[in-house]
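Notes for the structure review
Here's the letter readout for the chains.
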Amino acid sequence: MVSHVHTVAFQGIEAVAVNVQVMVAPGKMNIHIVGLPDKAVAESRERVQAALHASGLSMPVKKVTVNLAPADLPKEGSHYDLPIALGLMAALGAIPGDALDGFVVLGELALDGTIAPVAGALPAAMGANALGKGLICPHASGPEAAWAGADIDILAPRSLIAIANHFRGTQVLSRPEAMIRQAPANLPDMADIKGQETAKRALEVAAAGGHNLLMVGPPGSGKSMLAQRLPSILPRLSPRELLDVSMIASIAGALAGGKLSDRRPFRAPHHSASMAAMVGGGIKARPGEVSLAHNGVLFLDEFPEFSPAVLDSLRQPLESGECAIARANHRVSYPARIQLVAAMNPCRCGMAGEPGYRCARGERCRTDYQARISGPLLDRIDLRIEVPAVSAADLIRPAPSESSAAIAARVARAREIQEDRYGALGLPSSTTNAHCPTALVEQVAAADEAGLHLLHEAAEKLGFSARAYHRVLKVARTLADLDGADAVGRIHLAEAISYRIAGDRIASAA
């Protein structure tokens, strides 16, 4: 007899249907698993036997063959334990054979028969919903899977015995409730920052348009402090963005307790991060920091201290909004539409350009340090600002600074303008000025005659690339949105160009 159980394999955040076929036939007692299983899948036979024994079900004294179809698709992970066990139980008559036809199953088994949580419950639920089936998943993964939709039938048992009792009708399982993780009440606030008015203005512009930002300044000037307060002025995730972000976090096993959060991701990897950690990879091609920051912020402190190869690996995700991981036997793509925020010292000693300080190595200290950032990567950064050291007068002055709530209100209004604009053009409502398609830039950021004259002069004198030209227009469009202006004026272009000029010294070094 052959029983069939539906499960999934993961390719990126996509769930690919897999059919688990279990056959019990005469022969020497053993379990054979075929269909390109990895080490974790091959070891499931030991977990399945122990879990069935703990649940009061003896293994048959026969040969058991488990086929994971399609046979040419690599199978990775421990979530195949539960479908294999349920297929074997169906083959032995412990549960009705047709009871599992309407479900996709995934879960890892403990030796005592309980079901442990696994990564990928939310993408699996989305895939099951697309197939018109329900989902059986671990109890701890139920709140996460419930976000796939109210119409999908979800069972989240704690053990094999609970599943058997449910299908017998002796202990019916209730549908899990979708849960959301509450945002911390004590988020860092912009009011904590004294001085640095220019930097705070640039941070507001970056948040309003989703622009990349580079801050250059001496140690202790407040660069990291500013970046850590960026999430407090960003708008919350839309429902579509929330699902996209949560599916990536689910694949990475980063959803604590199955609870989702509508706060935008803020990832701050250490500068020792490898390329696989940054853009994704490894044996199972897991998502990296770039993908985990999708629809959020990737903050790189000590920017030049990252490996040049790691930094240059960001160029393609910044341009295309996705991260493609190619291997010899497969290719995986993860979404990676991020806002890059970077902070760096002007030189290795950190004090170049500061009044009264003279570096022992001279100008070479600064040029060598800044040359670690390639010109093509720097060209993709819209806003480049210098963050000078805070004076004692700024620290002593008691005048209160503007709060994050006030700045967030202006950012939200600018984002609403962009949502209406790009929605009318047939683009996704989450599109920001920073991600406006190149073909539409000059249409949505049409400037007046004085502004165009200024822009053309600046482009010729400063040698803007085509990308830099368009990015200046995008920043100017954001500045106009913050002012509530329909057209981009000369004053908006002048400010946008000033953010580009601030990085000229770094560009010449690179």
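Structure shown above.
Residues numbered from 1 in each chain as written. Predicted model: local features only at pLDDT ≥ 70, side-chain atom pairs only at ≥ 80, totals over all residues. Heavy atoms only, no water.

Turning next to the packing of helix α19 (residues 449–462) against helix α20 (residues 466–483). Look at α19 against α20: their axes get within 11 Å of each other, and the N-to-C directions meet at 145°. Between α19 and α20 lies a crossing of right-handed hand. Contacts between α19 and α20 involve L455, H456 and A459 from the former and Y469, V472 and L473 from the latter. (Axes fitted to C-alpha atoms, helices over the stretch in contact; angles between N-to-C directions. Helix = DSSP H or I, 4+ residues; strand = E, 2+ residues; numbered from the N terminus. Left-handed = near helix turned anticlockwise from the far one by under 90°. Contact = heavy atoms within 4.5 Å.)

Time to look at the nonpolar core. Counting 53 residues, the largest nonpolar core has L213, M215, L230, V341, I385 and L493 as the members making the most contacts within it. In contact with L230, other than residues within four places in its own chain, are L203, A207, V297, Q339 and V341. Formed by 40 residues, the second largest nonpolar core is a distinct cluster that contains A90, A91, L155 and I163. (Core = buried A, V, L, I, M, F, W, Y, C linked by side-chain atoms within 4.5 Å. Buried < 20%, exposed > 50% of the residue type's maximum accessible area, 1.4 Å probe, protein only.)

Turning our attention to the sheet that holds strand β10 (residues 213–216). Spatially, the five strands line up as an open sheet ordered β11-β12-β15-β10-β16, and their pairing is parallel. The open sheet has two edge strands with one neighbour each: β11 (266–267) and β16 (383–386). Pairing geometry for β10 and strand β15 (residues 339–344), over four bridges, is parallel. Note on β15: the bridge partner recorded for L214 is A342. (Pairing = 2+ DSSP bridges.)

Strand direction decides the pairing type here: strand β2 (residues 14–25) and strand β4 (residues 63–69), joined by seven bridges, are antiparallel. Paired with A25 across the strands is K63, a residue of β4. Of the pairings in the sheet, the one linking strand β3 (residues 30–34) to β4 comprises five bridges and is parallel in character. Within the sheet, the bridge partner assigned to I31 lies in β4 and is V64.

So, about the pairing of strand β14 (residues 331–335). Only one face of β14 is buried, namely the one carrying V332 and Y334, since none of R331, S333 and P335 on the opposite face is buried. Examined bridge by bridge, strand β13 (residues 322–326) and β14 share five bridges and lie antiparallel to one another. Bridged to A326 within β14 is R331.

Taken as a whole, this structure holds two aromatic pairs when the rule is applied. Geometrically, the ring pair formed by F103 and F167 is edge-to-face, given 6.3 Å between the ring centres and 70° between the ring planes. Pair noted here: F103 is in strand β5 (residues 103–105) and F167 is in helix α6 (residues 160–168), with a separation of 64 residues, a long-range link. Taking the relative accessible area as the measure of exposure, F103 reaches 9% and is therefore buried. Consider the rings of F266 and F299, whose centres lie 6.0 Å apart with planes at 25°: the pair is stacked. Linking F266 in strand β11 with F299 in strand β12 (residues 297–300), this pair joins segments that are 33 residues apart in sequence. Owing to a relative accessible area of 4%, F299 belongs among the buried residues under this scheme. Seen from the ring of Y422, R421 lies directly overhead, with NZ or CZ sitting 5.6 Å from the centre. (Phe/Tyr/Trp six-rings, centres within 6.5 Å; stacked < 30°, edge-to-face > 60°. Lys NZ or Arg CZ within 6 Å of the ring centre and 35° of its normal.)

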